[in-house]
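Chains, contacts and geometry: an overview
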Amino acid sequence: MDILTGVILVIHMIGWAIVLGGALTTMRKPRIANGVTHGALTALVAGILLVGLAEMGDGDVNHVKIAVKLVVALVITAMALYGSKNQDKVTTGYLGGLAGLTVLNIAVAVLWR
């Protein structure tokens, strides 16, 4: 089970890296790259799977932390989906918000013990 959890955790981190990298690299010509949407969906699904695996195992799950991360992940995913459908509404500030929320989600994961 540890190997499966590790693989899904790597997939989760790669998803967030795609979101952050995609948001930062398109700041000069603001748009949502396809990878950002796919990365957000990948990270969201992998995160839900990680919580499910943690619930099945012996680990103690902090439900408040998970709820905060889930809400932030849902906002990021909604922003990516909305921005990909309405590219004319995407600005540098929009991408900055997307990148900032991604960093917030990573910080919550690492710093909240």
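Calculation rules
- Residues numbered from 1 in each chain as written.
- Predicted model: local features only at pLDDT ≥ 70, side-chain atom pairs only at ≥ 80, totals over all residues.
- Heavy atoms only, no water.
- Axes fitted to C-alpha atoms, helices over the stretch in contact; angles between N-to-C directions.
- Helix = DSSP H or I, 4+ residues; strand = E, 2+ residues; numbered from the N terminus.
- Parallel < 35°, antiparallel > 145°, perpendicular 65-115°, else oblique.
- Left-handed = near helix turned anticlockwise from the far one by under 90°.
- Contact = heavy atoms within 4.5 Å.
- Nonpolar A, V, L, I, M, F, W, Y, C, P; charged D, E, K, R; others polar.
- Expected span 1.5 Å × (residues − 1).
- Buried < 20%, exposed > 50% of the residue type's maximum accessible area, 1.4 Å probe, protein only.
- Core = buried A, V, L, I, M, F, W, Y, C linked by side-chain atoms within 4.5 Å.
- 1 Å grid on protein atoms, 1.4 Å probe; cavity = no way out; pocket = protein on both sides within 12 Å on 5 of 7 lines; lining within 4 Å.
- Points joined across faces, edges and corners; volume = space filled by probe spheres on them.

1. Thoughts on the packing of helix H3 (residues 63-85) against helix H4 (residues 92-111)
The relative placement of two packed helices is expressed as an angle between their axes plus a distance between the axes. At a minimum axis separation of 10 Å, H3 and H4 run at an interaxial angle of 160°. Taken together, the axes of H3 and H4 are roughly antiparallel relative to one another. For the pair H3 and H4, the sense of crossing is left-handed. Counting all contacts with H3, which are made through Lys 65, Val 68, Lys 69, Val 72, Ala 73, Val 75, Ile 76, Met 79, Ala 80, Tyr 82 and Gly 83, the residues of H4 involved are Tyr 94, Gly 97, Leu 98, Leu 101, Thr 102, Leu 104, Asn 105, Val 108 and Ala 109.

2. Re the packing of helix H2 (residues 34-56) against H3
Between H2 and H3, the least distance of the axes is 8 Å, while the angle of their chain directions is 160°. One element, H2, and the other, H3, form an angle in the roughly antiparallel class. Classified by chirality, the crossing of H3 by H2 is left-handed. Taking contact as the criterion, the partners of Val 36, Thr 37, Ala 40, Leu 41, Leu 44, Val 51 and Glu 55 in H2 are, on H3, His 63, Ile 66, Leu 70, Ala 73, Leu 74, Ile 76, Thr 77, Ala 80, Leu 81 and Ser 84. Residues that form the contact of H2 with H3 fall into these classes: 12 nonpolar, four polar and one charged.

3. Observations concerning H4
Spanning 20 residues, H4 covers 28 Å between terminal C-alpha atoms, matching the ideal 28 Å at 1.5 Å per step. Tyr 94, Leu 95, Leu 98, Ala 99, Thr 102, Asn 105 and Val 108 are the residues of H4 that are buried. In this structure, the buried side of H4 is in contact with helix H1 (2-25), H2 and H3.

4. Focus: the nonpolar core
Note on soluble globular proteins: their nonpolar side chains tend to be buried together. The biggest cluster of nonpolar side chains holds 19 residues, and the ones touching the most others in it are Trp 16, Val 19, Ile 32, Val 36, Ile 76 and Leu 98. Broken down by element, the residue count for this core peaks at five residues, all from H3. With sequence-adjacent residues up to four places away left out, Trp 16 is seen in contact with Ala 43, Ala 73, Ile 76, Thr 102, Asn 105 and Ile 106.

5. Some words on the layout of surface pockets
As a volume, the largest pocket reaches approximately 870 Å³. In terms of lining, the largest pocket is formed by 31 residues, of which the most central are Leu 9, His 12, Leu 50, Ile 66 and Lys 69. Contributing elements (two or more residues each) for the lining of the largest pocket: H1, H2, H3 and H4. Per element, the largest residue contribution to the lining of the largest pocket is eight residues, and it comes from H2. Split into classes, the residues belonging to the lining of the largest pocket amount to 19 nonpolar, seven polar and five charged.

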